[in-house]
Amino acid sequence: MKVDAETWDKFINHCYAEQQLSQKTIQTTLRALKFLEKEGIDLMADEKELRKRLRNGATGTTLNLYVKSLNRWCKFRGLDLKFKKYKEFYKPRKIPTTADIRRLLDACKGRDPISKRDRTLIYFMANSGLRREEVANLELSDIDWENCFIRVRGKGEK
């Protein structure tokens, strides 16, 4: 049974008001739920049917996206039903060594403005531990020259 537009609207309002989800999380949830619906999963079905149709060879990370979306949907419907998340395996992050950073710095030894900028950014990232997206989003107004600090907006605008 397809979910009608009015129910989707109620679900979106529920996500904002009751579950206090961000707009981006709600969009991701809707995309996942609509995909499941398109694949023939009846979102109004019981737990057994939903579990049976969910697995279908996906990775743990992908399945957890759908599990979280379904849990939000079940909470909206008032069902006393919570799907367990699947075990996820993450590759360990490669943290640059001192030698890696030295090679990057050596690659921009020039005296031209671009090389100086690149070298400064590499030093800054290595010493601050900021992510590339956080550095890319910095603006001049984020720098407080008088108090010697930089305001950084991280993931989720934190």
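Everything discussed here concerns the structure shown above.
Anyway, here's the lowdown on the structure attached to this text. Each chain has its residues counted from 1, following the order in which its sequence is written. Reporting of local features is limited, given that this is a predicted model, to residues whose pLDDT is at least 70; pairs of side-chain atoms are given and counted only at 80 or more, and all residues count toward the totals for whole chains, interfaces and linings. The side-chain quantities take in all heavy atoms of the structure and omit both hydrogens and water.

## Comments concerning the packing of helix H5 (residues 98–106) against helix H6 (residues 113–128)
Right, so step 1: The angle between two axes is taken between their N-to-C directions and runs from 0 to 180 degrees, where each axis is a line fitted to C-alpha atoms and a helix contributes only its stretch in contact. The way it works is that DSSP assigns letters per residue, a run of H or I at least four long becomes a helix, a run of E at least two long becomes a strand, and they are numbered from the N terminus. Between H5 and H6, whose axes approach to 9 Å, the crossing angle comes to 165°. Between H5 and H6, the angle falls in the class roughly antiparallel. The hand of the H5/H6 crossing is left-handed. Within the contact between the two elements, H5 uses Ile 101, Arg 102, Leu 104, Leu 105 and Asp 106 and H6 uses Arg 119, Ile 122, Tyr 123 and Ala 126. Roughly parallel here means an angle under 35 degrees, roughly antiparallel means over 145, roughly perpendicular means 65 to 115, and every remaining angle is called oblique. It is the rotation of the near helix from the far one that decides the hand of a crossing: anticlockwise by less than a right angle makes it left-handed, clockwise makes it right-handed. Every residue pair with non-hydrogen atoms within 4.5 Å of one another is taken to be in contact.

## Let's talk about the environment of Met 125
Right, so step 1: Relative to the elements of secondary structure, Met 125 occurs in helix H6.
Right, so step 2: The classification of residues rests on relative accessible area computed with a 1.4 Å probe and restricted to protein chains. Under 20% of the type maximum is buried, over 50% is exposed, and intermediate values are partly exposed. A relative accessible area of 30% places Met 125 in the partly exposed class.
Right, so step 3: As for Met 125 and Val 135, which are separated by 10 residues in sequence, their C-alpha atoms are 7.6 Å apart.
Right, so step 4: Discounting chain neighbours no more than four positions away, the residues touching Met 125 are Leu 130, Arg 131, Arg 132 and Val 135.

## Examining the nonpolar core
Right, so step 1: Buried Ala, Val, Leu, Ile, Met, Phe, Trp, Tyr and Cys residues form a nonpolar core when they are joined through side-chain atoms within 4.5 Å. Counting 20 residues, the largest nonpolar core has Trp 8, Phe 11, Leu 33, Leu 43, Leu 70, Trp 73 and Phe 83 as its most contacted members.
Right, so step 2: Looking at this core, the elements that each hand over two or more residues are helix H1 (5–17), helix H2 (23–38) and helix H4 (60–77).
Right, so step 3: The element contributing the most residues to this core is H4, with six residues.

## Quick word on the environment of Ala 126
Right, so step 1: By the secondary structure assignment, Ala 126 is in helix H6.
Right, so step 2: For Ala 126, a relative accessible area of 40% puts it in the partly exposed group.

## Concerning H2
Right, so step 1: Over its 16 residues, H2 runs 22 Å from end to end, which matches the ideal 22 Å to within 8%, given 1.5 Å per residue.
Right, so step 2: Residues of H2 that are buried include every one of Ile 26, Thr 29, Leu 30, Ala 32, Leu 33, Leu 36 and Glu 37, and no others. For H2, the angular spread of the buried residues around the axis is 165°, confining them to a single face. Of the exposed residues in H2, those oriented more than 90 degrees away from the buried face are Lys 24, Arg 31 and Lys 38.
Right, so step 3: Immediately downstream of H2, the backbone of Gly 40 shows phi near 95°, a positive value. A helix is expected to reach a length of 1.5 Å times the quantity of its residues less one. Of all possible arcs, the one meant is that of the directions from the helix axis to the C-beta atoms.

## What to know about the side chain of Asp 142
Right, so step 1: By the secondary structure assignment, Asp 142 is in the loop between helix H7 (132–136) and strand E1 (143–144).
Right, so step 2: Judged by relative accessible area, which is 6%, Asp 142 ranks as buried.
Right, so step 3: What qualifies as a polar contact is a pair of N or O atoms within 3.5 Å, subject to a donor-acceptor requirement within protein and to the restriction that residues adjacent in sequence count only when both atoms come from side chains. Within the structure, the side chain of Asp 142 is placed 3.0 Å from the side chain of Arg 153, a separation counted as a polar contact.
Right, so step 4: Residues contacting Asp 142, with those up to four places away along its chain left out, are Asn 137, Phe 149, Ile 150, Arg 151 and Arg 153.

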